[in-house]
Amino acid sequence: MAAVDDLQFEEFGDVAASLAANPDATMVSIEDPGETPKHQPGPPRGSGREEDDELLGNDDSDKTELLAGQKKSSPFWTFEYYQTFFDVDTYQVFDRIKGSLLPIPGKNFVRLYVRSNPDLYGPFWICATLVFAIAISGNLSNFLIHLGQKTYHYVPEFRKVSIAATVIYAYAWLVPLALWGFLMWRNSKVMNIVSYSFLEIVCVYGYSLFIYIPTAILWIIPQKAVRWILVMIALGVSGSVLAMTFWPAVREDNRRVALATIVTIVLLHMLLSVGCLAYFFDAPEMDHLPTTTVAPNQTAKSS
Amino acid sequence: MAEAAESPGDPVTASSRPLFAGLSDISISQDIPVEGEITIPMRSRIREFDSSTLNESVQNTVMRDLKAVGKKFMHVLYPRKSNTLLRDWDLWGPLILCVTLALMLQRGSVDSEKDGGPQFAEVFVIVWFGAVTITLNSKLLGGNISFFQSLCVLGYCILPLTVAMLVCRLVLLAEPGPINFMVRLFVVIVMFAWSIVASTAFLADSQPPNRKALAVYPVFLFYFVISWMILTFTP
């Protein structure tokens, strides 16, 4: 199967450089992979690796653009249309998670791992896991801070789940939407080589949140220094994934706009993580405590 | 269909007799196989009417449904390769379990708004919305299981956790302390593992092998959250 695809790409390889914008070439490529959509998602692991190496070449943007045509085969009201967003195998999801944890300098997350097959499985379930990880470990850390105090009455604080869900899902969907709109607008002014679809941006944002799951679990440790070191590491890793992914998309633009975009992306990311740390982990539940526990409460706060 | 079947024998008899009489005779006497085929669904429908819910006593109806639900409970408690839970799905069991769980998770105090435990509606929504999301997820991943079958399995597999909730409430009647908590933790972990094993025994086969982990992970998260709610319950 992979060999057939390679042949097909070879066919266009020589003309693709000159006819990148030729609609006829794109149309043909829609037809052929569309006939065998079942074989496309699940190649054996070995051949997937080969494709990986191939696509790391410098002319991969044409190929991925051609491949992107196969997505639009069924209309949006059918169930099959939505199945294309969940068309991933276990090893692909693991590879993407690994890619978001270990960013390689100079490599692009979308081109390296997503490769025109953006999935919504990862973003959705990573967000869901993160919501519960933050809510539950925030609750546990609150419990550990007050451990041993006779007057402390444990409460599950179930309300935090809904707040965390609102914050995380809003971040993982609205920021990509705004970024996509912004990149579209800039693309209409300055022609960029790299342009991302909305789903690719959502995919990158979803997977970039993965590192916060282990971070949130480790945030249970009620030590301020440990927490801030953890948040710095997580920010460095996922922020660099985001920056390296979106830098090629704005590189051709005005230097000031490009820098401002990247800085905004990283700042929003920082706002999310620091905000979560401050709201879910550092806020002592004053209103649940009787006034007699103010003094130990302050010692817990300072520690 | 009947016309086509009787056509081979038709010319011989039709020539010797009047047309209409012959046709009616033939259709009765010669077309036994066709007639038989037609009456097979009829007979089963008659059998259905015999045991229909219209003329049996209310007690029988209720007992039959309860027996079906109870049989499925047994399947969950002793999970093995069987299709009963998948074939005749119903949502009565999940409804009973979900309401029981949500009622037991209610706190006695009036100001339960303040102590931050899950409300009845929150438990209800988490169970049903979670089950629907997991089902949609497995359908989107390409699993060959129907929507309600999956809902039924996920709902019935809450049974061990409902039992854990019952045990926790009984344990909480005793003196609170670390031992009390350890007992509850142990019960909830065992029942959580039980729920996972039972639901994966029924659901895992419906997925292609290279996506099994992707379909099982949400189930794990779902039961983990319910277990967390049960473990953190304090009256």
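Residues numbered from 1 in each chain as written. Chains lettered and ligands numbered in written order. Predicted model: local features only at pLDDT ≥ 70, side-chain atom pairs only at ≥ 80, totals over all residues. Heavy atoms only, no water.

### Focus: the overall build of chain A
Then comes step 1: From N to C terminus, chain A includes 14 helices and 0 strands.
Then comes step 2: Counting from the amino terminus, chain A carries its helices and strands in the arrangement α-α-α-α-α-α-α-α-α-α-α-α-α-α.
Then comes step 3: Sorting the 303 residues of chain A into buried and exposed places 48% on the buried side.
Then comes step 4: Sequence separation of 24 or more characterises 79% of the internal contacts of chain A that already satisfy a separation of 6 or more.
Then comes step 5: Total accessible area on chain A stands at roughly 15100 Å², and carbon and sulfur atoms take up 68% of it. (Helix = DSSP H or I, 4+ residues; strand = E, 2+ residues; numbered from the N terminus. Buried < 20%, exposed > 50% of the residue type's maximum accessible area, 1.4 Å probe, protein only. Contact = heavy atoms within 4.5 Å. Areas by Shrake-Rupley, 256 points an atom, 1.4 Å probe, with all protein chains shown as cover.)

### Thoughts on the UniProt feature "transmembrane region" (unreviewed entry) in chain B
All names here are of chain B.
Then comes step 1: Using the residue numbers shown here, the UniProt feature "transmembrane region" (unreviewed entry) corresponds to residues 91–108, 120–141, 147–174, 181–203 and 215–234.
Then comes step 2: The distance separating the terminal C-alpha atoms of residues 120–141 is 31 Å; by composition the span is 95% helix and 0% strand.
Then comes step 3: Overall, residues 147–174 shows 86% helix and 0% strand. The separation of its end C-alpha atoms is 42 Å. (UniProt positions renumbered as here; feature names shortened; annotations may be inferred.)

### Describing empty space enclosed by the protein
Residues and elements named next belong to chain B.
Then comes step 1: Under the defined criterion, the tally for this structure stands at 7 cavities of 30 Å³ or more.
Then comes step 2: For the second largest cavity, the calculated volume is near 110 Å³.
Then comes step 3: Forming the boundary of the second largest cavity are 14 residues, of which Ser138, Leu203, Gln207, Ala215 and Val219 lie nearest the centre.
Then comes step 4: Elements with a minimum of two residues in the lining of the second largest cavity: helix H9 (120–140), helix H12 (178–203) and helix H13 (212–231).
Then comes step 5: Top element by residues in the lining of the second largest cavity is H13. It accounts for 4 residues.
Then comes step 6: Across the lining of the second largest cavity, the residue classes break down as 7 nonpolar, 6 polar and 1 charged. (1 Å grid on protein atoms, 1.4 Å probe; cavity = no way out; pocket = protein on both sides within 12 Å on 5 of 7 lines; lining within 4 Å. Points joined across faces, edges and corners; volume = space filled by probe spheres on them. Nonpolar A, V, L, I, M, F, W, Y, C, P; charged D, E, K, R; others polar.)

### Notes on the confidence of the model for chain B
Then comes step 1: Summary statistics for chain B give a mean pLDDT of 77 and a share of 71% for residues scoring 70 or more.
Then comes step 2: Between residues 39–43 of chain B, whose pLDDT stays under 50, and residues either more than four places distant or in other chains, the model counts 0 contacts. (pLDDT = per-residue confidence, 0-100.)

### A closer look at the packing of helix H8 (residues 121–145) of chain A against helix H10 (residues 198–208) of chain A
Residue and element names in this part refer to chain A.
Then comes step 1: The N-to-C vectors of H8 and H10 enclose an angle of 35°; their axes lie 8 Å apart at closest approach. Crossing handedness for the pair H8 and H10: left-handed. Seen from H8, the contacting residues are Gly122, Pro123 and Ile126; seen from H10, they are Val202, Cys203, Gly206 and Tyr207.
Then comes step 2: Residue composition of the contact of H8 with H10, grouped by class: 5 nonpolar, 2 polar and no charged. (Axes fitted to C-alpha atoms, helices over the stretch in contact; angles between N-to-C directions. Left-handed = near helix turned anticlockwise from the far one by under 90°.)

### Things to note about the UniProt feature "transmembrane region" (unreviewed entry) in chain A
Residues and elements named next belong to chain A.
Then comes step 1: Those residues carrying the UniProt feature "transmembrane region" (unreviewed entry) are residues 120–141, 161–185, 197–222, 228–250 and 257–281 in this numbering.
Then comes step 2: Within the segment residues 161–185, helix and strand shares are 100% and 0% respectively, and the terminal C-alpha atoms sit 36 Å apart.
Then comes step 3: Secondary structure across residues 197–222 comprises 69% helix and 0% strand; the distance between its end C-alpha atoms is 41 Å.

### Details of the environment of threonine 135 of chain B
Residues and elements named next belong to chain B.
Then comes step 1: Tracing the sequence through the fold places threonine 135 in helix H9.
Then comes step 2: Take threonine 135: its relative accessible area is 1%, and that puts it in the buried class.
Then comes step 3: Distance in space between the C-alpha atoms of threonine 135 and leucine 154 is 8.7 Å, their sequence separation being 19 residues.
Then comes step 4: Here serine 150 takes part through its side chain, which lies 3.1 Å from a polar atom of the side chain of threonine 135. (Polar contact = N/O pair within 3.5 Å; in protein donor to acceptor, adjacent residues only side chain to side chain.)

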